[in-house]
Amino acid sequence: MKPQLKPNCPNFSSGPCAKRPGYALSQLNIDALGRSHRSKIGKAQLGEAIHLTEQLLELPEGYRVGIVPGSDTGAMEMVMWSLLGPKPLDIFSWESFGKGWFTDVSKQLKLEQVNHYSSDYGQLPDMNQANPDNDCIFTWNGTTSGVAVPNGDWISSQRSGLTICDATSAVFAMPMPWEKLDVVTYSWQKALGGEGAHGVIILSPRAVARLESHQPSWPMPKVFRLTQGGKLIEGIFKGETINTPSMLCVADYIDALKWVQSLGGVSASISKSQQNLEVIKQFVADNAWINFLAKQPETLSNTSVCLTLDASAEQVKTIIGLLDQEQVAFDIGAYRDAPAGLRIWCGATVEKEDLERFMPWLAWAYKQVCL
(Lines give C-alpha, C1' and ligand atoms only; values in the text may rest on other atoms or scores of the structure.)
Protein backbone atom coordinates (compact mmCIF):
# COMPACT_ATOMS: atom_id res chain seq x y z
CA MET A 1 0.00 0.00 0.00
CA LYS A 2 0.98 3.60 -0.50
CA PRO A 3 2.85 4.87 2.60
CA GLN A 4 1.28 7.65 4.64
CA LEU A 5 4.20 9.27 6.46
CA LYS A 6 6.43 11.55 4.39
CA PRO A 7 9.88 12.90 5.25
CA ASN A 8 9.73 16.29 6.97
CA CYS A 9 12.58 17.32 4.67
CA PRO A 10 12.76 15.47 1.32
CA ASN A 11 16.02 17.16 0.27
CA PHE A 12 18.47 14.31 -0.40
CA SER A 13 20.56 16.10 -3.02
CA SER A 14 24.32 15.49 -3.08
CA GLY A 15 25.10 19.14 -3.63
CA PRO A 16 24.03 21.63 -2.66
CA CYS A 17 22.94 19.44 0.22
CA ALA A 18 20.12 19.78 2.74
CA LYS A 19 20.35 22.69 5.17
CA ARG A 20 20.84 21.83 8.82
CA PRO A 21 17.74 20.89 10.82
CA GLY A 22 15.99 24.02 12.10
CA TYR A 23 17.74 26.29 9.60
CA ALA A 24 16.25 29.73 9.04
CA LEU A 25 17.66 32.71 7.16
CA SER A 26 16.55 34.93 10.02
CA GLN A 27 19.07 33.22 12.30
CA LEU A 28 22.09 34.29 10.23
CA ASN A 29 24.34 37.12 11.37
CA ILE A 30 23.97 39.51 8.43
CA ASP A 31 25.85 42.46 9.95
CA ALA A 32 28.47 42.25 7.18
CA LEU A 33 25.98 42.35 4.30
CA GLY A 34 26.41 45.48 2.23
CA ARG A 35 29.85 46.04 3.73
CA SER A 36 33.24 45.51 2.13
CA HIS A 37 34.79 42.11 2.75
CA ARG A 38 37.94 44.10 3.53
CA SER A 39 36.22 46.14 6.23
CA LYS A 40 36.89 45.36 9.88
CA ILE A 41 33.57 43.53 10.22
CA GLY A 42 34.02 41.68 6.91
CA LYS A 43 37.49 40.40 7.77
CA ALA A 44 36.28 39.50 11.26
CA GLN A 45 33.57 37.22 9.87
CA LEU A 46 35.93 35.59 7.38
CA GLY A 47 38.45 35.13 10.18
CA GLU A 48 35.77 33.57 12.38
CA ALA A 49 34.90 31.08 9.64
CA ILE A 50 38.56 30.10 9.35
CA HIS A 51 39.07 29.86 13.10
CA LEU A 52 35.97 27.71 13.64
CA THR A 53 37.09 25.40 10.81
CA GLU A 54 40.53 24.96 12.37
CA GLN A 55 39.01 24.38 15.79
CA LEU A 56 36.33 21.88 14.75
CA LEU A 57 38.59 19.84 12.48
CA GLU A 58 41.30 19.78 15.17
CA LEU A 59 44.01 20.49 12.60
CA PRO A 60 47.66 19.88 13.53
CA GLU A 61 49.80 22.85 14.50
CA GLY A 62 50.99 24.85 11.52
CA TYR A 63 48.16 23.85 9.17
CA ARG A 64 46.49 26.78 7.41
CA VAL A 65 42.90 27.24 6.22
CA GLY A 66 41.97 29.53 3.34
CA ILE A 67 38.68 30.46 1.66
CA VAL A 68 38.97 30.60 -2.14
CA PRO A 69 36.69 31.07 -5.17
CA GLY A 70 35.26 28.39 -7.41
CA SER A 71 33.95 25.79 -4.95
CA ASP A 72 35.96 22.58 -4.53
CA THR A 73 36.80 22.57 -8.25
CA GLY A 74 38.43 25.97 -8.01
CA ALA A 75 40.30 24.96 -4.86
CA MET A 76 41.67 21.78 -6.48
CA GLU A 77 42.72 23.52 -9.68
CA MET A 78 44.42 26.28 -7.70
CA VAL A 79 46.37 23.63 -5.81
CA MET A 80 47.36 21.66 -8.92
CA TRP A 81 48.47 24.71 -10.87
CA SER A 82 50.48 25.98 -7.89
CA LEU A 83 52.14 22.85 -6.48
CA LEU A 84 52.66 20.26 -9.20
CA GLY A 85 55.76 19.83 -11.33
CA PRO A 86 58.82 19.15 -9.14
CA LYS A 87 58.07 15.45 -8.59
CA PRO A 88 56.48 12.56 -10.48
CA LEU A 89 52.77 12.25 -9.79
CA ASP A 90 50.57 9.31 -8.80
CA ILE A 91 46.89 9.99 -9.38
CA PHE A 92 44.05 7.70 -8.35
CA SER A 93 40.58 7.85 -9.87
CA TRP A 94 37.46 5.71 -9.68
CA GLU A 95 34.74 8.13 -10.70
CA SER A 96 34.17 11.31 -12.71
CA PHE A 97 35.87 13.92 -10.52
CA GLY A 98 39.09 11.95 -10.07
CA LYS A 99 39.17 11.34 -13.81
CA GLY A 100 38.73 15.08 -14.29
CA TRP A 101 41.83 15.80 -12.22
CA PHE A 102 43.76 13.34 -14.41
CA THR A 103 42.57 15.21 -17.51
CA ASP A 104 43.83 18.47 -16.00
CA VAL A 105 47.32 17.20 -15.18
CA SER A 106 47.78 15.31 -18.44
CA LYS A 107 46.11 17.58 -21.01
CA GLN A 108 46.16 21.04 -19.44
CA LEU A 109 49.35 21.07 -17.36
CA LYS A 110 50.85 18.41 -19.64
CA LEU A 111 52.89 16.77 -16.89
CA GLU A 112 55.06 13.99 -18.27
CA GLN A 113 55.75 11.80 -15.23
CA VAL A 114 52.21 10.77 -14.31
CA ASN A 115 51.12 7.36 -13.10
CA HIS A 116 47.36 6.94 -13.39
CA TYR A 117 45.74 4.22 -11.28
CA SER A 118 42.05 3.93 -12.11
CA SER A 119 39.12 1.59 -11.65
CA ASP A 120 35.52 1.41 -12.77
CA TYR A 121 32.56 2.79 -10.85
CA GLY A 122 32.00 0.77 -7.70
CA GLN A 123 35.63 -0.28 -7.30
CA LEU A 124 38.60 1.31 -5.53
CA PRO A 125 42.09 1.13 -7.11
CA ASP A 126 44.90 -0.45 -5.12
CA MET A 127 46.00 2.58 -3.12
CA ASN A 128 49.15 0.76 -2.00
CA GLN A 129 50.58 1.54 -5.45
CA ALA A 130 51.29 5.09 -4.23
CA ASN A 131 55.02 5.85 -4.26
CA PRO A 132 55.99 7.88 -1.14
CA ASP A 133 58.62 9.72 -3.21
CA ASN A 134 55.97 11.00 -5.63
CA ASP A 135 53.22 13.55 -5.24
CA CYS A 136 49.78 11.95 -5.00
CA ILE A 137 46.29 13.15 -5.93
CA PHE A 138 43.15 11.31 -4.85
CA THR A 139 39.57 11.90 -3.82
CA TRP A 140 38.75 10.70 -0.31
CA ASN A 141 35.14 10.03 -1.22
CA GLY A 142 33.98 9.45 -4.77
CA THR A 143 30.85 11.58 -4.67
CA THR A 144 29.49 10.17 -7.93
CA SER A 145 30.26 6.51 -7.16
CA GLY A 146 29.60 6.17 -3.44
CA VAL A 147 33.07 4.66 -2.99
CA ALA A 148 35.33 6.09 -0.27
CA VAL A 149 38.88 5.43 0.90
CA PRO A 150 38.42 3.48 4.16
CA ASN A 151 41.54 4.89 5.86
CA GLY A 152 44.94 6.50 5.31
CA ASP A 153 47.06 3.48 6.26
CA TRP A 154 48.48 3.33 2.71
CA ILE A 155 50.03 6.81 3.04
CA SER A 156 53.63 6.71 4.24
CA SER A 157 54.56 8.84 7.23
CA GLN A 158 58.07 9.08 5.73
CA ARG A 159 56.90 10.33 2.34
CA SER A 160 58.84 13.03 0.50
CA GLY A 161 56.02 13.77 -1.95
CA LEU A 162 52.85 15.70 -1.16
CA THR A 163 49.44 14.09 -0.66
CA ILE A 164 46.74 16.22 -2.29
CA CYS A 165 43.24 15.15 -1.28
CA ASP A 166 39.93 16.25 -2.78
CA ALA A 167 37.74 15.68 0.29
CA THR A 168 34.66 17.67 -0.62
CA SER A 169 32.09 15.10 0.52
CA ALA A 170 34.22 13.56 3.28
CA VAL A 171 35.23 16.45 5.58
CA PHE A 172 32.87 16.67 8.58
CA ALA A 173 31.50 13.19 7.76
CA MET A 174 34.51 10.83 7.77
CA PRO A 175 37.62 10.62 9.98
CA MET A 176 40.58 12.34 8.29
CA PRO A 177 44.21 11.47 9.18
CA TRP A 178 45.40 15.08 8.96
CA GLU A 179 49.08 14.33 9.63
CA LYS A 180 49.13 12.27 6.42
CA LEU A 181 47.36 14.89 4.30
CA ASP A 182 49.42 17.80 2.98
CA VAL A 183 46.66 19.51 1.00
CA VAL A 184 42.90 19.08 1.47
CA THR A 185 40.18 20.83 -0.49
CA TYR A 186 36.43 20.88 0.02
CA SER A 187 33.33 23.00 -0.50
CA TRP A 188 31.02 23.78 2.37
CA GLN A 189 27.95 23.12 0.18
CA LYS A 190 28.46 19.39 0.80
CA ALA A 191 28.59 17.99 4.34
CA LEU A 192 27.48 21.28 5.92
CA GLY A 193 24.69 22.15 3.52
CA GLY A 194 26.26 25.52 2.76
CA GLU A 195 25.77 27.66 -0.32
CA GLY A 196 27.84 27.17 -3.48
CA ALA A 197 30.70 29.01 -5.22
CA HIS A 198 33.28 28.98 -2.41
CA GLY A 199 36.04 26.47 -1.73
CA VAL A 200 38.31 25.76 1.21
CA ILE A 201 42.01 24.89 1.05
CA ILE A 202 43.90 23.35 3.97
CA LEU A 203 47.70 23.38 3.71
CA SER A 204 50.28 21.56 5.81
CA PRO A 205 53.68 23.14 6.53
CA ARG A 206 55.17 20.80 3.89
CA ALA A 207 52.76 22.16 1.29
CA VAL A 208 53.66 25.74 2.26
CA ALA A 209 57.35 24.90 1.86
CA ARG A 210 56.65 23.60 -1.66
CA LEU A 211 54.73 26.74 -2.57
CA GLU A 212 57.59 28.95 -1.43
CA SER A 213 60.31 26.93 -3.18
CA HIS A 214 58.60 26.06 -6.47
CA GLN A 215 57.98 28.38 -9.40
CA PRO A 216 55.51 26.82 -11.90
CA SER A 217 56.60 26.84 -15.53
CA TRP A 218 53.14 27.78 -16.78
CA PRO A 219 51.31 31.12 -16.51
CA MET A 220 49.42 31.58 -13.25
CA PRO A 221 46.09 33.44 -13.36
CA LYS A 222 45.67 35.93 -10.53
CA VAL A 223 42.83 33.92 -9.01
CA PHE A 224 45.20 30.91 -8.62
CA ARG A 225 48.11 32.73 -6.97
CA LEU A 226 48.93 31.65 -3.43
CA THR A 227 52.37 33.27 -3.28
CA GLN A 228 53.90 36.65 -3.98
CA GLY A 229 57.62 37.23 -4.26
CA GLY A 230 58.30 33.61 -3.34
CA LYS A 231 56.39 33.81 -0.06
CA LEU A 232 52.95 32.55 0.92
CA ILE A 233 50.26 35.22 0.83
CA GLU A 234 49.41 34.86 4.51
CA GLY A 235 46.39 37.13 4.27
CA ILE A 236 44.44 34.45 2.35
CA PHE A 237 44.61 32.30 5.48
CA LYS A 238 43.49 35.10 7.79
CA GLY A 239 40.36 36.16 5.93
CA GLU A 240 41.78 38.39 3.19
CA THR A 241 40.30 36.55 0.23
CA ILE A 242 41.71 36.67 -3.32
CA ASN A 243 38.51 38.13 -4.73
CA THR A 244 35.15 39.29 -3.37
CA PRO A 245 33.31 36.52 -1.49
CA SER A 246 29.60 36.42 -0.72
CA MET A 247 29.33 37.56 2.88
CA LEU A 248 25.87 35.95 2.97
CA CYS A 249 27.47 32.59 2.11
CA VAL A 250 30.12 33.19 4.78
CA ALA A 251 27.42 33.90 7.38
CA ASP A 252 25.65 30.73 6.26
CA TYR A 253 28.90 28.72 6.67
CA ILE A 254 29.48 30.10 10.16
CA ASP A 255 25.92 29.10 11.08
CA ALA A 256 26.61 25.53 9.89
CA LEU A 257 29.92 25.36 11.78
CA LYS A 258 28.26 26.50 15.00
CA TRP A 259 25.58 23.85 14.47
CA VAL A 260 28.28 21.14 14.24
CA GLN A 261 29.78 22.61 17.40
CA SER A 262 26.38 22.32 19.12
CA LEU A 263 26.13 18.65 18.15
CA GLY A 264 29.38 17.95 19.99
CA GLY A 265 31.88 18.50 17.19
CA VAL A 266 32.99 16.56 14.14
CA SER A 267 32.86 13.20 15.92
CA ALA A 268 29.12 13.79 16.38
CA SER A 269 28.53 14.77 12.75
CA ILE A 270 30.47 11.68 11.62
CA SER A 271 28.36 9.49 13.89
CA LYS A 272 25.16 11.05 12.54
CA SER A 273 26.22 10.33 8.95
CA GLN A 274 27.05 6.75 9.85
CA GLN A 275 23.67 6.24 11.55
CA ASN A 276 21.97 7.55 8.41
CA LEU A 277 23.89 5.06 6.29
CA GLU A 278 22.72 2.23 8.56
CA VAL A 279 19.11 2.98 7.59
CA ILE A 280 19.89 2.40 3.92
CA LYS A 281 22.08 -0.63 4.66
CA GLN A 282 19.17 -2.28 6.42
CA PHE A 283 16.84 -1.47 3.53
CA VAL A 284 19.28 -2.96 1.00
CA ALA A 285 19.65 -6.08 3.15
CA ASP A 286 15.85 -6.49 3.22
CA ASN A 287 15.25 -5.96 -0.53
CA ALA A 288 16.88 -8.12 -3.19
CA TRP A 289 16.11 -5.68 -6.01
CA ILE A 290 18.44 -2.91 -4.78
CA ASN A 291 22.21 -2.91 -4.22
CA PHE A 292 25.05 -0.55 -3.40
CA LEU A 293 27.17 0.54 -6.34
CA ALA A 294 30.23 0.09 -4.09
CA LYS A 295 31.39 -3.53 -4.39
CA GLN A 296 33.35 -3.74 -1.11
CA PRO A 297 31.56 -2.97 2.19
CA GLU A 298 34.63 -1.25 3.67
CA THR A 299 34.62 1.31 0.83
CA LEU A 300 30.96 2.28 1.23
CA SER A 301 30.42 6.03 1.49
CA ASN A 302 28.32 7.36 4.37
CA THR A 303 27.50 10.59 2.55
CA SER A 304 26.85 10.14 -1.18
CA VAL A 305 25.21 6.70 -1.11
CA CYS A 306 24.95 5.32 -4.65
CA LEU A 307 22.53 2.49 -5.42
CA THR A 308 21.68 0.31 -8.41
CA LEU A 309 18.26 -1.19 -9.03
CA ASP A 310 17.00 -4.23 -10.89
CA ALA A 311 15.44 -1.89 -13.40
CA SER A 312 16.16 -0.33 -16.77
CA ALA A 313 17.52 3.21 -17.01
CA GLU A 314 14.08 4.38 -18.17
CA GLN A 315 12.38 2.67 -15.24
CA VAL A 316 14.83 4.26 -12.80
CA LYS A 317 14.05 7.65 -14.30
CA THR A 318 10.32 6.99 -13.85
CA ILE A 319 10.85 5.97 -10.20
CA ILE A 320 12.77 9.18 -9.52
CA GLY A 321 10.02 11.23 -11.16
CA LEU A 322 7.33 9.47 -9.14
CA LEU A 323 9.13 10.13 -5.85
CA ASP A 324 9.60 13.77 -6.82
CA GLN A 325 5.92 14.06 -7.73
CA GLU A 326 4.96 12.67 -4.32
CA GLN A 327 7.37 15.18 -2.74
CA VAL A 328 9.16 12.52 -0.71
CA ALA A 329 12.62 12.69 -2.34
CA PHE A 330 14.15 15.41 -4.48
CA ASP A 331 17.28 15.26 -6.67
CA ILE A 332 18.26 11.62 -6.06
CA GLY A 333 19.20 10.58 -9.59
CA ALA A 334 22.69 9.17 -10.21
CA TYR A 335 25.34 11.55 -11.52
CA ARG A 336 25.16 11.97 -15.29
CA ASP A 337 28.39 9.99 -15.95
CA ALA A 338 27.61 7.23 -13.46
CA PRO A 339 25.61 4.02 -14.03
CA ALA A 340 21.84 4.48 -13.88
CA GLY A 341 20.61 4.41 -10.31
CA LEU A 342 20.04 6.53 -7.22
CA ARG A 343 22.31 8.80 -5.18
CA ILE A 344 21.03 9.63 -1.71
CA TRP A 345 22.84 12.11 0.53
CA CYS A 346 23.28 10.84 4.09
CA GLY A 347 25.40 13.58 5.63
CA ALA A 348 24.70 14.97 9.08
CA THR A 349 22.27 17.65 7.88
CA VAL A 350 19.90 14.83 6.92
CA GLU A 351 17.76 13.47 9.74
CA LYS A 352 17.63 9.70 10.32
CA GLU A 353 13.85 9.86 10.73
CA ASP A 354 13.49 11.35 7.24
CA LEU A 355 15.43 8.45 5.72
CA GLU A 356 13.32 5.97 7.70
CA ARG A 357 10.18 7.60 6.33
CA PHE A 358 11.56 7.66 2.79
CA MET A 359 12.52 3.98 2.50
CA PRO A 360 8.91 2.65 2.32
CA TRP A 361 8.21 5.18 -0.42
CA LEU A 362 11.18 3.89 -2.41
CA ALA A 363 9.85 0.33 -2.13
CA TRP A 364 6.38 1.52 -3.14
CA ALA A 365 7.69 3.41 -6.18
CA TYR A 366 9.75 0.44 -7.34
CA LYS A 367 6.72 -1.84 -7.17
CA GLN A 368 4.57 0.69 -9.04
CA VAL A 369 7.03 0.89 -11.91
CA CYS A 370 8.73 -2.49 -12.10
CA LEU A 371 6.30 -5.13 -10.78
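What you see is a predicted model, and the numbers here were worked out from it, not measured in a lab.

Here the focus is the pairing of strand β13 (residues 304-309). Of all six residues that make up β13, five are buried, and the element is covered over most of its length. Judged from the three bridges that link them, strand β12 (residues 290-292) and β13 form a sheet pairing that is antiparallel. Bridge assignment links F292 to a residue of β13, and that residue is L307.

A few words now on helix α3 (residues 96-108). The first and last C-alpha atoms of α3 sit 17 Å apart over 13 residues, in line with the 18 Å expected at 1.5 Å per residue. The complete set of buried residues in α3 reads S96, G98, W101, D104 and V105. Against α2 (71-83), β2 (89-93), β3 (114-118), β4 (135-139) and β7 (163-166) lie the buried residues of α3. Once α3 finishes, K110 follows within two positions and takes phi at roughly 55°, a positive value.

With that settled, the discussion passes to the environment of E240. Relative to the assigned elements, E240 resides in the loop between β11 (231-232) and α5 (247-263). Overall, E240 belongs to the partly exposed group, its relative accessible area being 37%. Separated by 183 residues in sequence, E240 and L57 place their C-alpha atoms 21 Å apart. Each residue touching E240, except ones within four places of it in the same chain, is listed here: K43 and G235.

In this section: a nonpolar patch on the surface. On the surface, I30, L33 and L248 cluster together to form a nonpolar patch covering roughly 240 Å² of accessible area. By the element assignment, L33 lies in the segment before α1 (40-57). For L33, a relative accessible area of 38% gives the class partly exposed.

Next up on the list: the sheet that holds β7. If you walk across this open sheet you meet the seven strands as β1-β9-β8-β7-β4-β2-β3, and the pairing is mixed. Strands with a single pairing partner mark the edges of an open sheet, and in this sheet they are β1 (64-69) and β3. Each strand of the sheet is rotated relative to its neighbour by a mean of 15°, with strand direction disregarded. Where strand β8 (residues 183-186) meets strand β9 (residues 198-203), four bridges bridge the pair, whose relative direction is antiparallel.

Criteria and cut-off values
Residues numbered from 1 in each chain as written. Predicted model: local features only at pLDDT ≥ 70, side-chain atom pairs only at ≥ 80, totals over all residues. Heavy atoms only, no water. Buried < 20%, exposed > 50% of the residue type's maximum accessible area, 1.4 Å probe, protein only. Helix = DSSP H or I, 4+ residues; strand = E, 2+ residues; numbered from the N terminus. Pairing = 2+ DSSP bridges. Expected span 1.5 Å × (residues − 1). Contact = heavy atoms within 4.5 Å. Patch = residues over 30% accessible without salt bridge, like charges linked within 9 Å, V, L, I, M, F, W, Y side chains within 5 Å. Areas by Shrake-Rupley, 256 points an atom, 1.4 Å probe, with all protein chains shown as cover. Salt bridge = Lys/Arg side-chain N within 4 Å of Asp/Glu carboxyl O. Axes fitted to C-alpha atoms, helices over the stretch in contact; angles between N-to-C directions.

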